[in-house]
Structure formats: structure tokens, C-alpha cells
Amino acid sequence: MLSGLTSQREIDGTKMKLSKGVILLFLSIIFKVAVAGSSTMVYFIELEIEKSVYSNVADILGKNAQINVKNATVTEITSTTDCKLNETHKNCSCMPGNTWSDDICKNHACCKDGPCSFRPEETAVCLSDKRVSINGNTTMSEYDCSILCVKEKKGSNEYETLNQIIRDKLVKHYSTFKYFDSLIINGYSYGSVVVDYTVQILGPVSINELNRTSITLNGTRLVTTGLISIEVPEDQPIDIGSAANITCAPPEALGDVKWFLTDDKNKTTQITKGQEAKFAKDGTGTKDIVALSGISESWKGKFTCVYTQGTIEHKASRELDIALLPEIQARSTPQFPDCKTTSTPVIPCKIECNIPFSKENYTVTWDPGLSDFKVTVIQGEVISYTAVKNIYCKENNNETMDVSCNFTNNRSKFKISRKATVQLPIIKQLSQTCEPNEGWPITKSNYNASKNCINSAVGLRTRECKNGTWQNEISSCVNKDLHVIEKDVQELNKGIGFIKDSAKDIFERIKDSTTIKTFNSFANINASISILDVMNYVSQEQKNKWNDTVIPDFVNSISNVLNDTNAWKNPANLDTDLSVKYLNTVEKMVNNSNLSSNASHNYKNVELKLCNDNCGSFNTSVITGNGVIVVGFQNLHEILPKPELNDINAIPETTILSITTVNNTNGTKRVEMAFDYSKTRLPNHEMYCVFWNVSANKWSREGCTWGGATNEELCTCDHNSAFTILMSKDKVTLPYMEELTYVGLGISILSLVLCLIIEILVWDAVVKSDISNFRHVAVFNIALCLLFAHCGFLASAEPEKTPAQWCSILTVVKHFFFLAVFFWMLCLSFVILHQIIFVFDHLRKRVFWGLSITLGYVCPILCVAITFITFSNGEAGHYYSETTCWLVYKGTLKGSIYAFILPVGTIVFINLFTLAVVIMKIATPTVSEAKARDEKEVAKSMIKTIVFLSPVLGITWIFGFFIMNLDLTQKPWAQVVNYTFTVLNSLQGFFILLTNCVGEKKVRDALVKRFKGSKQSAHSKSESSSKATSSIIRK
């Protein structure tokens, strides 16, 4: 039997020994020969026998389990292939436990164990379905790579000698396998000498055998095929959108499995858990399954499962075929058949349905039926199907007509199909239209015209004709490179590939795509954010963290998309709500990061820093006791939704900080932020520290506090989020302040009028000396000027309704008369001081009048005139404000307001000094009065002095200087001081009436006499200067 082995044939790429007889029936048998040592070889014998003796031969072979020959033993004689021969061909099938070889599967499409037809001269060979192929590479440092690794030396005697030595050495190890068949050396590579070879084992191999060989041959890595069985759906192709399971069954527990997919471009990608792929075990827990659902075209290819044990990989692969359906782009030319202006009764409309180039077998049908259509391949990328639909203007009464192209996959078991419909709105005689405009065709009202994208972008441009008027163009065009990235990320989302392997490349491509000139559009920005959002979702599903290698490109990308905030407006409704998705996506990606470098990533619109103590971003600073990641956005505030806070009119106008805790060592998320923007805060304007509440999708103040006017840059929050600071557009207002002011002014005006009348009526009766004359002259002029000043104030109570010219005049009037009031108060103060200091030297009347007229009227006139001229000749915005009809404040010592504040402040402090001198005079009596005076009387006199002199000396205006230094946000002190100032000064006229008219006994007596008509003699006597002072105080 062995002597008949006379020829060799290639089976599965391996040379196998064949012996051929001349009988009628073919029977292939396989047997094992044990030769010297423990080596084995597998031989094939092809027997041709008569049909009549088939059963006898089979019995003989079955009974001879072992045949001893010279130096060998033949065992396990097994029948593998059964063939029946006729004159023209032979019909063969595999015996149980065997399948057709890979070569026959490839060349004859017979891939399992079913019947197959061959020519008589062809060899039909079935092999064990448990056969194993081993691809190995072994490092052999003892050999010279300068011979084996050099391509030019292949075939030389040296090469062949070494090659045979190495092969024999390898065969010595692998021929111990029970079903060893052959070993072929594929080549050598550098790294000492690395031998790449293939071993064919035509039967089962144990895991232990492989492990022993791997250990015995040092530096060996093995990849087995056939040890693992793999199952795919039998009835292929399967339909797109269906479900399928791919199952791998190892002979024993081999640990975790890895799955790979090789597509039609020979690209191999590892399969992960995704939207369309899930991993599972069978009921016994011994088989591993990839469960696919909603299958897309991405899954068409070769599935491979891989089990790894040490340096050995066990693989199994099978193809999955899918009946695909195309993406269809349908359009018509013209888009709107015009029966209104055309003179022809028939309008031919070309209907074009385009699909990506594909080798799938589609049947295309049209609805309504259009039999005459053309098929064109465009640049090898697109297949175009074109048909013509005639519109008969006179016969057609429909407003629109629909035409559909339907693609049916003939390979599909259920004949699945997909269609696209083109709507043809027909322009009739009474139809309203939009005329052609900037390349847009004539369009029927309340329909959309469409155009292709430019610059190879993907999508469509549409424009609505609404009630005969063109609306804005809406573009869904996405740059081609960005569209490709979008598809790649969707593949990851399906479960094809690991995000950690492709993240660096994808982020770099996103960065590059955001830098091109055509990027700044709503569609591109939306696509970029969607890509980042899906990437982060996939990363979280795969339990992957973003590391330092991808952060620079990530920050650069999210900075680039903020270059043009106008591009963020949704063309459909002009809102910028996409910014919310942008902020949420960035925060989620930062939360999913694992940064180790403290390097700052600073770009035009975004800065990202890992801080362990204090750091800053875009004129802001952050103070925290934890490690945080700070992301600063320079102009994001322009596009985020405006705050909707109760009773607050404020919008973000500065940097937005996103803060994420990464190393919470003290158990708190408290963070302090300083915003330089707060330095621009206007007086009496509240600042609000807010954060973006993701759950409520709006700005919120909860958990955040402002540092107040004394620390206006500070925001403190007890949580992490995106923060900013807002300045109220409205000043802090005090309730009822205007009402109090106007009521007080009304009372003061009436009081001042009454005071002036009383002064006139009782003048002759009470003015009997120079001292009383001086005092009453001063009080009269104070009351008169204050009356005009208050009237001017009321006249300008509504500046927005006051003409600009009158606003200017009223500002001058108020400026002059208020100054006059204080200068007359200064005159009265000088009179009192003179009488106290120069006791025996009375002030002459001429001196008084000269001094009082100069101070009371000349000085105010000069102040007003100089101020008016200095500030652009009284120009609005310089001398006066049109919003207040009063002097302008532009900052510390800036603005015309200081032409009022400085003289008034000086006078008030001089008058305060005068009041202090008078009180000291009262508190320090003369020697003759010291024993007679009671302490209570002294205290009463002091209080009476303050009450009577404060209104006419303007002492209450000192609260105004507190108001200047107290911001209304400083509660409650600012409120107390403001209300006090308002009440005291709006009622100043009333207090003057009470203290200097009604409160003076001589005036009261004179009034009584005046109205009663009684006459009493008035006695005058000389008084010392000290008594005169006491008289002033009493009054």
C-alpha cells in the first residue's frame, strides 16, 4: 500500500501524498503512519474500486485499525470522501466528520460536506472538520540573519542548507502532533532570526500540546485556526436592519474572547459593545456570542474571534453577507413645472435618483410606472437612474404630483426595498410664486426650492417661498472631511472599533476641519458638536478616559468653533440654543478626562488648565482647595441663552468658567472665582454670580454668592459647574424713594413759601439790630434760593419727557440755586463765627452786605459759568446728562458733578466746624455762669443748637457724602443712609420753617400781634456779644 505513493498534489496549499488505482469507484481514506521516534505523518490514498466490492473493502479497512510496515505503523484508517464515477464526471460527498478543503470551497463553491461535482481527472478531497492550521514565528538567535533575511540570497546553497536545518528542527517538534501533515517555512525576518512558518494538522489538537510546544520552542508565538468552531447565520445574505448572532465555541475554557471585523477593503477592526453589537454567552456558558441588531451595511465582512493564552492565539473566522439597500438622493428638473408661463401643453420633468456606486443587484421600479429610464455611472462613485415624467398642463388638475423610485435588492430573501419620492408642485395660472433669485428657480408659494451644496459639501440647501416672498436660505451642507469623520464616529458608536485607538487621529482631523475657511456655518458647527458628543458617549460606554495626548487638539477644536458667533444662529429660527449642547458636551468630556499634566492649553477662545491650587483664565482667577480642571470660554456668553432670573435684568458679558473637581481631598466642592469684569461695575448696580443648571437647562443663582461692593470681583459657589458673573442693567432702587422725595419737596416748597411770607410780614417787628438783620437776611435768601432749587428739581422730575434745551436750562438753574443756598449758609456761618470769636467787635452792615452778595450770588454764578464753559459749553453728556437733567458723573474726580460736590463739601465742613464751635461755647460757660448752670440745661442747649442750626447750615447734607461712598448694594447701611438723607433734605424747607420762623418766639409774637391788630411797644436794649450768641441759639 505504501509503495503506491507515487504522486503529490496540492491540497489546502499543502503537498499531500496520493496513490491512484484504476477501479470504477473512488474512495479516499486517511491513515496515520508512525515512523522513527514519535513523529507522525498523514497520507492520502485515492482508491478506485468496483461498486460490487465497495462494502467488502470498507469492512476490511475498518477492521484493520493498525497495519505494521517497515519502520512504521499505519493506524486510524478513515474514509473521508465518497465519489461515484461516470464517463463525464464524478459526484462526491464528504463522509461524516469531514468537510471539503478550503481549495475546493474556493474553486468549486463546495464549502461544507454536501455533494459536489468534479471532472474525472480532478482530485476530490474532504478533510477532517477538526483540522487545525498553525501559523507560527519562532526566534532563533543561533542562526545568521545576513543569509536567511536577505532576499537576494534566497535559493543559494547556504540559504537552502540553513533553511533545511531549521525546517527539520521545527518538524521534529511539530511532527509529534497526532495528525501532523506538513510544515512550510514562509520566510525570515530580522530580530536575530525570526522564522515565519505554517503547520497543517489534519485532525484535532489539544491545548496542552500547543502549550508544551510553545514552551519548548523558546521565543515562539502561535496563531491557530480550526481549533475554535464558529457559526454564522446559514441562510445568507441576511437583510439589512435584521438581527444575527455570530457564535464561537472553544474546545475548553480559554478566557476572554476578542472579536474582529474585516471589511471589503481588508481593514480589520476590533468589535466592541455598541448600538448595534452586544456580547453574550450561550445557556451553557461555554460559547461566546456577538449579538447584532438593526444590522447596517457596516457589518458586511469577515468575523473573527480570538482567544489568547500566553503567546498562543486561537482564531476562527467566517463571512457575513448582507443584502444592502442604497442611500437615495432624488431630484427633478425643473423642480416646479411652470404651466403658468409656458406655451407648450406638455412639460417633460427629468427625475433623477442617485445612489453610491455598489455591486449589489438592484431592481429599480418607478411609481407611477416609467419604463424608459437610463442608468449612468458618474466618475465611478455614483450610479444615476434617470426617467422622464410628462406634465400635461391642460389635463392635470392636481396641485402636486409625486414620483418615486424604488430599489429592490434581488439577493434579499424577503426582497427588501427602499424608495425616494420627488414631489412636483405644479405652477398653475392662479398660483402665487417667487420669481427666480440668485440662482434659485421660480418656486411655487409655500414650497421649498432646493440646491446642491458647493465645494463638495454633503447635504442640501433649501429656501422657502412663503406667501410669494423668499425666506432665508437654510443649509444642511457639511464639509466633506467633517462628514467622513461623522461616519467614522458612527461606526465606533455601532460597536466597530475602540475609541482609545482612534481618538488621537479623530481629534486631529476635527481640529484640521475647523480651521478651513468654509467651516463657519451652522451645519458644520452642529456636526462638530454632535461628533464630540457621540465620541464622549462611546468613550463612556467603553470605560475610556480622555488623556493628555488628545487634549490639545480637543481644546483647539472647541476654540475654533467659537471664532464666529454669528454662525451659531440656527437659520430656521435664528436661535443659538446649540450653544447649550456645546457647553454640556464640553463639560461631559472634561468630566470624562484623566489628566496628569499641569500644562496650560491656551487658544483664542478657550483655555483649559489643570489646577491644584490657584489658577486663572481670560482675566479670571480660581481659588480652590481641590484639584480642578478649569475651562475658560472667552465669547461663549454671546450665544448662550439669556438669564431668566426673577426681577433681574442682566446678561452675561464676560468669561464663562467651567470648573470640574478631579481630586477632592477635603470633601467639599467650594470654589472661589474672581472676575476682572466686575471692575467695570457701575455704581449701585448689583452683580450676580450664576451657574448653568444642566437639569433645569437655565442659569441659576442657587449656591452662589457675590462678594459685595467691598469685594466686587469675588464669586463663591458650593458646587461645580459653568459659572459667570452678571451685572444688573438696572440700578438698585429703594422702595418709595421717589414718593418720599416728591412729597417732601412739596411740603418743603409750601413751607418755604410760607417762611418767606412770614419773614416779610414780621420783618419790621423782629429785625431791630444788625445781628438779627444779618441772620434774617441770610435765612430769607437761603429760603428763596432753596425754593427755586426745589422747583427746578420738580420741573425735571421726568427727564425722558423733557426737551434737551429745557433739560440744559433746568440743570443750570438747579446748579446755580443749590450753590447759592450753600453759599448763603456759608455767610450765616461766618456771621455766627464772627460774633463768637470777636465778642466786642461788631460786624458792620456794609461789610456784611458786600460779603453776602459776593458769596451768595457772585460765587455761584462764577462756578456755574466756568463749569458750563469748561464742559464743552454745556453740551449734553459733558455738562449735563439727558437721562437725569443733572450734572454728569464719570468716575472719581471726573465729570461736571464735582463742580457742585467740591464747593458744597467745603461749605458743609466749614459749617460743621461752626456748629462745633458753638457747641463748645455752650459747653464751656464763663466763670460767672459756671456755678449757676445745670448740666441738663447745657445738654438741652446743645441739642437745641444742633436742631436749630442744622437746617440753615446744611449740616444734613453731610449724609450725601456718605451716600457717595456707600453703594446701594451694601445693605442695610446704604438704605438707612439714603432714606435719612432723602427725608432730611427733601424736608429741609419744612425744617427751616419750624426752626427759624415758627420756632422763634419773636416771630410768633409778631405774627400774633399782626393778626390780632394789637400794638405793643417794643423795647430795645443793648446786649453783650455773648448774650447775642445765646439769643441766636435759643431761636
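Position numbers for residues count from 1 along each chain, tracking the sequence in the order it is written. For a predicted model such as this one, the threshold for reporting local features is a pLDDT of at least 70, and the threshold for listing and counting side-chain atom pairs is 80 or more; totals across whole chains, interfaces and linings nevertheless cover every residue. Note that water and hydrogens are dropped before the side-chain values are worked out from all heavy atoms of the structure.

For the rest of this paragraph, the subject is the overall build of the chain. Across its full length, the chain holds 22 helices and 51 strands. In terms of overall dimensions, the chain has a C-alpha envelope of 175 × 85 × 55 Å along the principal axes. All accessible-area figures derive from a Shrake-Rupley calculation using a 1.4 Å probe, and residue coverage is judged against the displayed protein chains alone. Carbon and sulfur atoms form 54% of the exposed surface of the chain, whose accessible area is close to 51700 Å². Only four residue types enter the charge count: Lys and Arg as positive, Asp and Glu as negative, with His and the chain ends excluded. Throughout, a charge is located at the NZ atom of Lys, the CZ atom of Arg, the CG atom of Asp or the CD atom of Glu. One way to put it: in the chain the 104 positive side-chain charges average out to a point 8 Å from where the 101 negative ones average out. Only DSSP runs of H or I with at least four residues qualify as helices, and only runs of E with at least two residues qualify as strands; both kinds are numbered from the N terminus onward.

Attention shifts here to the environment of Ser600. Along the chain, Ser600 turns up in the loop between α10 (578-591) and β37 (601-602). Along the sequence, Ser600 and Pro552 sit 48 residues apart, while their C-alpha atoms lie 9.3 Å from each other. Residues count as neighbours in contact if any of their non-hydrogen atoms are within 4.5 Å of one another. If we ignore the near neighbours within four places in the chain, the residues touching Ser600 are Leu608 and Lys609.

Moving on to the packing of aromatic side chains. Centre distance within 6.5 Å is the pairing criterion for rings of Phe, Tyr and Trp, where only the six-membered ring of Trp is used; planes under 30 degrees apart are then read as stacked, over 60 as edge-to-face, and the remainder as tilted. Taken as a whole and assessed by the stated rule, the structure comprises 30 aromatic pairs. An angle of 40 degrees between the planes, with centres 5.0 Å apart, marks the rings of Phe788 and Phe817 as tilted. Of the two residues, Phe788 is situated in helix α12 (residues 770-795) and Phe817 in helix α13 (residues 804-837); the sequence distance between them amounts to 29 residues. Relative accessibility under 20% of the residue-type maximum defines a buried residue, over 50% an exposed one, and the middle range a partly exposed one, all with a 1.4 Å probe and only protein chains included. Phe788 gets classed as partly exposed once you look at its relative accessible area, which sits at 38%. Seen from their ring centres, Phe816 and Phe817 are 4.9 Å apart, and the 75 degrees between their planes marks the pair as edge-to-face.

What follows concerns the state of the cysteines. The disulfide definition used here is simple: a pair of cysteine sulfur atoms within 2.5 Å. With the rule as written, the count across this model stands at 14 disulfides. The disulfide bridge from Cys248 ends at Cys305, spanning 1.9 Å between sulfur atoms. Since a negative S-S torsion denotes a left-handed disulfide, the Cys248-Cys305 link at about -90 degrees is left-handed. On the criterion of sequence distance, the pair formed by Cys248 in strand β17 (residues 244-249) and Cys305 in strand β22 (residues 301-309) is long-range, its members being 57 residues apart. Comparing Cys248 with Cys305, the two get one shared label, buried. Across the disulfide from Cys353 sits Cys405; the S-S distance is 2.0 Å. Torsion about the S-S bond of the Cys353 and Cys405 cystine: about -100 degrees, corresponding to left-handed handedness. Taken as a pair, Cys353 in strand β26 (residues 346-356) and Cys405 in strand β30 (residues 400-409) lie far apart in primary sequence, 52 residues in all. For Cys353, a relative accessible area of 1% gives the class buried. In this structure Cys785 is not part of a disulfide, and its nearest cysteine sulfur, from Cys827, lies 10 Å away. Residue classification places Cys785 among the buried residues on the basis of a relative accessible area of 1%. The closest cysteine sulfur to the non-disulfide-bonded Cys827 is located on Cys859, 8.5 Å from its own sulfur.

A separate point is the environment of Cys477. Within the fold, Cys477 resides in the loop between β36 (469-475) and α6 (480-494). Judged by its relative accessible area of 10%, Cys477 is buried. For the pair formed by Cys477 and Pro436, sequence separation is 41 residues and the distance between their alpha carbons is 22 Å. In this structure, Cys477 is in contact with Cys453, Ala457, Val458, Gly459, Leu460, Arg461, Ser521, Ala523 and Asn524, ignoring residues within four places of it in sequence.

To continue, consider the pattern of salt bridges. When the charged atoms of two side chains lie near each other, side chains of opposite charge can form a pair. Think of a salt bridge as a Lys or Arg side-chain nitrogen and an Asp or Glu carboxyl oxygen that are within 4 Å of each other. Scanning the entire structure with this criterion turns up 26 salt bridges. Residue Lys444 is joined to Glu399 by a salt bridge in which the shortest nitrogen-to-oxygen separation is 2.3 Å. You can see Lys444 sitting in strand β33 (residues 443-444) and its partner Glu399 sitting in the loop between β29 (382-392) and β30, a full 45 residues away along the chain. Taking relative accessible area as the criterion, Lys444 reaches 6% and is therefore assigned buried. Put simply, Lys300, Asp321, Glu360 and Arg411 are held in one network by salt bridges that share partners.

Residue alternation in strand β35 (residues 460-466) divides its side chains into a buried set, Arg461, Arg463 and Cys465, and an unburied set, Leu460, Thr462, Glu464 and Lys466. For two strands to pair, DSSP has to find at least two bridges joining them. Here six bridges tie strand β34 (residues 447-452) to β35, and the two strands are oriented antiparallel to one another. Across the sheet, Tyr447 pairs through a bridge with Cys465, a residue of β35. Note: β35 against β36, five bridges, orientation antiparallel. Across the sheet, residue Thr462 finds its bridge partner in β36, namely Ile474.

Another point: the sheet that holds strand β20 (residues 277-281). The pairing of strands in a sheet happens through backbone hydrogen bonds and is either parallel or antiparallel. One open sheet holds the four strands; their spatial order is β15-β17-β21-β20, and the pairing between them is antiparallel. Strands at the two margins of the open sheet, each flanked by one partner only, are β15 (229-231) and β20. Here the strands of the sheet are splayed against their neighbours by 15 degrees on average, with no regard to which way each runs. Axis definition: a line fitted to C-alpha atoms, over the contacting stretch in the case of helices. Angles run 0 to 180 degrees between N-to-C directions.

With that settled, consider the sheet that holds β34. Ordered in space as β34-β35-β36, the three strands form an open sheet in which the pairing is antiparallel. For this open sheet the edge positions go to β34 and β36, each flanked by a neighbour on one side alone. Taken over all neighbouring pairs, the strand axes of this sheet differ in orientation by 25 degrees on average, direction set aside.

Right, let's talk about helix α19 (residues 973-986) for a bit. Expected span of a helix: the number of residues minus one, times 1.5 Å. Over its 14 residues, α19 extends 20 Å from the first C-alpha to the last, a length consistent with the 20 Å expected when each residue adds 1.5 Å. By the burial criterion, the buried members of α19 are Ala974, Gln975, Val977, Asn978, Phe981, Thr982, Asn985 and Ser986. Down the axis of α19, the smallest arc covering the buried residues is 170 degrees, so these residues share one side. Summarising the contacts, the buried residues of α19 are in contact with α11 (737-766), α12, α18 (958-965) and α20 (988-998). The arc in question is the one traced by the directions running from the helix axis out to the C-beta atoms.

Take the nonpolar core next. To define a nonpolar core, start from buried Ala, Val, Leu, Ile, Met, Phe, Trp, Tyr and Cys residues and group those joined through side-chain atoms within 4.5 Å. Among the nonpolar cores identified, the biggest contains 86 residues, and Tyr174, Tyr197, Trp299 and Trp366 are the most heavily contacted of them. With six residues, the single largest contributor to this core is helix α4 (residues 157-174). Leaving out residues up to four positions away in the same chain, Tyr174 has contacts with Phe180, Leu183, Tyr197, Val199, Thr213, Leu217, Thr220 and Leu222.

Bringing the packing of helix α7 (residues 499-513) against helix α9 (residues 551-560) into the picture now. α9 packs onto α7 with a crossing angle of 30 degrees between their chain directions and a minimal axis gap of 8 Å. Taken together, α7 and α9 sit at an angle that is classed as roughly parallel. Relative to α9, α7 is oriented so that their crossing is left-handed. Each of Lys504, Phe507, Glu508, Ile510 and Lys511 in α7 lies in contact with α9, whose residues at this interface are Asp553, Phe554, Asn556, Ser557 and Asn560. For the contact of α7 with α9, the residue count by class is three nonpolar, three polar and four charged. For classification purposes, angles smaller than 35 degrees are called roughly parallel, those larger than 145 roughly antiparallel, those between 65 and 115 roughly perpendicular, and all remaining angles oblique. In this scheme the crossing of two helices becomes right-handed for a clockwise turn of the near helix relative to the far one and left-handed for an anticlockwise turn of less than a right angle. Polar here means any residue other than Ala, Val, Leu, Ile, Met, Phe, Trp, Tyr, Cys and Pro, which are nonpolar, and Asp, Glu, Lys and Arg, which are charged; Gly is therefore polar.

Turning our eyes to something else, we now look at the packing of α12 against α20. Contact geometry for α12 and α20: axes closest at 10 Å, N-to-C directions at 160 degrees. Considered as vectors, α12 and α20 are oriented roughly antiparallel to each other. Regarding α12 and α20, the two cross each other, and that crossing is left-handed. Each of Arg775, Val779, Ile782 and Leu786 in α12 lies in contact with α20, whose residues at this interface are Gln988, Gly989, Ile992 and Asn996.

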